[in-house]
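Summary of the model geometry
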Amino acid sequence: MPTWASLNFQDSASPGMEQLVFFHDFTMIVITLITVMVGSSMIFICGYKLTNRVLLQEQSVEIIWTVFPVFILLSIALPSLKALYLLDDPFSPSLTIKAVGHQWYWSYEYSDFPGIEFDSYMVLEESTNYSARLLETDNSLVLPSLSQIRVIVTGGDVIHSWTVPSLGVKADAVPGRLNQIMMYINRSGIFYGQCSEICGANHSFMPIKVEAVPMPYFINWAMKMN
Ligand code: CUA
């Protein structure tokens, strides 16, 4: 879950999010280098008149500052495409979940286990099982860790968005169509997310709580739910 005044991502819990964190860090390095280089040369130009001749009239310097950025952009574009394709990789899932966004709660259906479907509402601060402000739900989405999961996301009324930052997933829940996301949870734990599409008055109050447990525990849970 998010922590107060943190400047970075939440701890990643999926291979996809690790790719995204890596890409973010890499791009930050490139941005920092560019800012330092452009900033220092601007200061340099302000201070020295002689650079006028070199920087404004030489053709070679113009070729360099056209070609060099092309390679910088390529070095950002290629890892970006790689991450994009890895996130969209349609592997064959061992479990399929359907998440439906409503005004203002989520409902989940476990299509592989007939009969398991429930609503997930936010829990208020005064409640007994309250622990995380605006993130706690009455029924959490229980999922097995270390297995390949497909989430089918759709909307029941207006557009919502099913998002869990630490798992690196976000999909719009559009009424009348099914969006598919693939995820693999690295470890057991509780991961929080929120609706990420302005969907009305209680948009802020339809959180997502994923409880990842080892497969035997998950099967146990599914048997009990049935
Ligand atoms: Cu549902 Cu915003």
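Just so it is clear, the structure is predicted and the values come from calculations on it, not from any experiment.

Helix and strand content of the protein chain: 4 helices and 10 strands. Shown N-terminal to C-terminal, the secondary structure of the protein chain runs as helices and strands in the order α-α-α-β-β-β-β-β-β-β-β-β-β-α. Relative to a compact globule of 226 residues, whose C-alpha radius of gyration would be 17 Å, the protein chain shows 23 Å and is clearly more extended. Along the first, second and third principal axes, the C-alpha set of the protein chain runs to 80 × 40 × 35 Å.

Looking at the protein chain as a whole, the pLDDT averages 90, with 96% of positions reaching at least 70. Within the protein chain, no element has a lower average pLDDT than helix 2 (residues 51-57), which sits at 65, and none a higher one than strand 6 (residues 160-164), at 96.

For any two aromatic rings, the description comes down to two numbers: the centre-to-centre distance and the angle of the planes. A full pass over the atoms with the stated rule returns 8 aromatic pairs. The structure contains a cluster of three or more aromatic residues connected by ring pairs, namely Tyr108, Tyr110, Phe113, Phe118, Phe218 and Trp221.

Turning our attention to the sheet that holds strand 10 (residues 208-213). Strand order in the open sheet made by the 3 strands is 4-10-9, with mixed pairing throughout. On the outer flanks of this sheet lie strand 4 (141-144) and strand 9 (189-193), each paired with one strand and no other. Across this sheet, the average inter-strand angle for adjacent strands is 25 degrees, counted without regard to direction. Where strand 9 lies against strand 10, 5 bridges are found, and the strand directions are antiparallel. The partner of Ile190 across the bridge, within strand 10, is Glu211.

Let's shift gears to the sheet that holds strand 3 (residues 117-120). The strand order 3-2-1-5-8 describes an open sheet built from 5 strands, whose pairing is mixed. Where the open sheet ends on each side, the last strands, each with one partner, are strand 3 and strand 8 (179-184). Across the sheet, the mean angle separating the axes of adjacent strands is 25 degrees when strand polarity is ignored. One ladder, built from 7 bridges, connects strand 1 (residues 95-102) with strand 5 (residues 148-155); its direction is parallel. Residue Gly101 lies in a different strand from strand 5, and its bridge partner there is Gly155.

Another point: the nonpolar core. If you look at the biggest cluster of nonpolar residues, it comprises 35 residues, and the most contacted ones within it are Tyr108, Tyr110, Trp162 and Val210. Here the element with the most residues in this core is strand 10; it accounts for 4 residues. The contact partners of Val210, leaving out residues within four places of it in the chain, are Leu141, Leu143, Trp162, Val164, Leu167, Ile185, Gly189, Ile190 and Phe191.

Reading guide: rules and limits
Residues numbered from 1 in each chain as written. Predicted model: local features only at pLDDT ≥ 70, side-chain atom pairs only at ≥ 80, totals over all residues. Heavy atoms only, no water. Helix = DSSP H or I, 4+ residues; strand = E, 2+ residues; numbered from the N terminus. Rg over C-alpha atoms; globule rule 2.2 N^0.38 Å. pLDDT = per-residue confidence, 0-100. Phe/Tyr/Trp six-rings, centres within 6.5 Å; stacked < 30°, edge-to-face > 60°. Pairing = 2+ DSSP bridges. Axes fitted to C-alpha atoms, helices over the stretch in contact; angles between N-to-C directions. Core = buried A, V, L, I, M, F, W, Y, C linked by side-chain atoms within 4.5 Å. Buried < 20%, exposed > 50% of the residue type's maximum accessible area, 1.4 Å probe, protein only. Contact = heavy atoms within 4.5 Å.

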